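Geometric and topological summary
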Amino acid sequence: MSDDHTQVQEFFTARAAAWDERFPDDGPAYEAAVSELGLRTGDRVLDAGCGTGRALPPLRDAVGPSGVVLGADLTPAMLAAAVRAGRQRAAQLLLADVVGLPLRTAALDAVFAAGLIAHLPRPGEDLRELARVVRPGGTLALFHPIGRAALAARQGRRITPDDLRDEANLGPLLAGSGWQLTSYTDEDSRFLALAVREG
């Protein structure tokens, strides 16, 4: 994806209204991924690049009514789709670029990011920004409801050696951005990389 945010917005704006209809069976995969984030009642969590907000209800369930759930996205049309789906009841929605978040340092316990890494213009710097807003020991989940090979096949392309989500690339990228990769799963049914914010 281009590093031009206008192109990213145009891509998602054109697809926002029908996004959930295109992927109607992803709900259980989102719920399972959220369950592995290790959230507790009262935690503060951000869905970075939340799109239509499919992760927001399970994130709310995980942190309970005393927790804080934020959903940030760059594309107004995706946030509007989240509102139409009623998901704003689970979270506070922010029109914000995850590469420059309007949040205090160490304000969060965790970040959930579905499909985000492919859209980051400067992955190292941008993952560092996510690290900035998470307390030491907090967690990051990089998720996709299908694995790398299945996604490449869906898009009619091949996985290349420079794929950021390859474990050999992702581990060092995270390490250089304030995170330690703790778990890596890449199966046809899902991609999930978990990392801990280093102190």
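The structure we're discussing is the one just above.
Cut-off values and rules
Residues numbered from 1 in each chain as written. Predicted model: local features only at pLDDT ≥ 70, side-chain atom pairs only at ≥ 80, totals over all residues. Heavy atoms only, no water. Salt bridge = Lys/Arg side-chain N within 4 Å of Asp/Glu carboxyl O. Helix = DSSP H or I, 4+ residues; strand = E, 2+ residues; numbered from the N terminus. Buried < 20%, exposed > 50% of the residue type's maximum accessible area, 1.4 Å probe, protein only.

**Thoughts on the pattern of salt bridges**
Taken as a whole, this structure holds 10 salt bridges when the rule is applied. In this structure, Asp26 engages Arg54 in a salt bridge whose closest nitrogen and oxygen atoms are separated by 3.0 Å. Taken as a pair, Asp26 in the loop between α2 (19-22) and α3 (27-35) and Arg54 in the loop between β1 (44-48) and α4 (56-63) lie far apart in primary sequence, 28 residues in all. For the pair Asp26 and Arg54, a shared accessibility class is recorded, and that class is buried. Across the pair Arg148 and Asp186 runs a salt bridge whose closest N-O atoms are separated by 2.8 Å. One end of the pair, Arg148, is in helix α7 (residues 148-154); the other, Asp186, is in strand β6 (residues 179-187), and 38 residues separate them in sequence. When its relative accessible area of 10% is taken as the criterion, Arg148 is described as buried. Classification of Asp186 as partly exposed rests on a relative accessible area of 29%. Taken together, the salt bridges that share partners define one network made up of Arg148, Asp163, Arg165, Asp166 and Asp186.

Geometric values such as these leave the question of function open.
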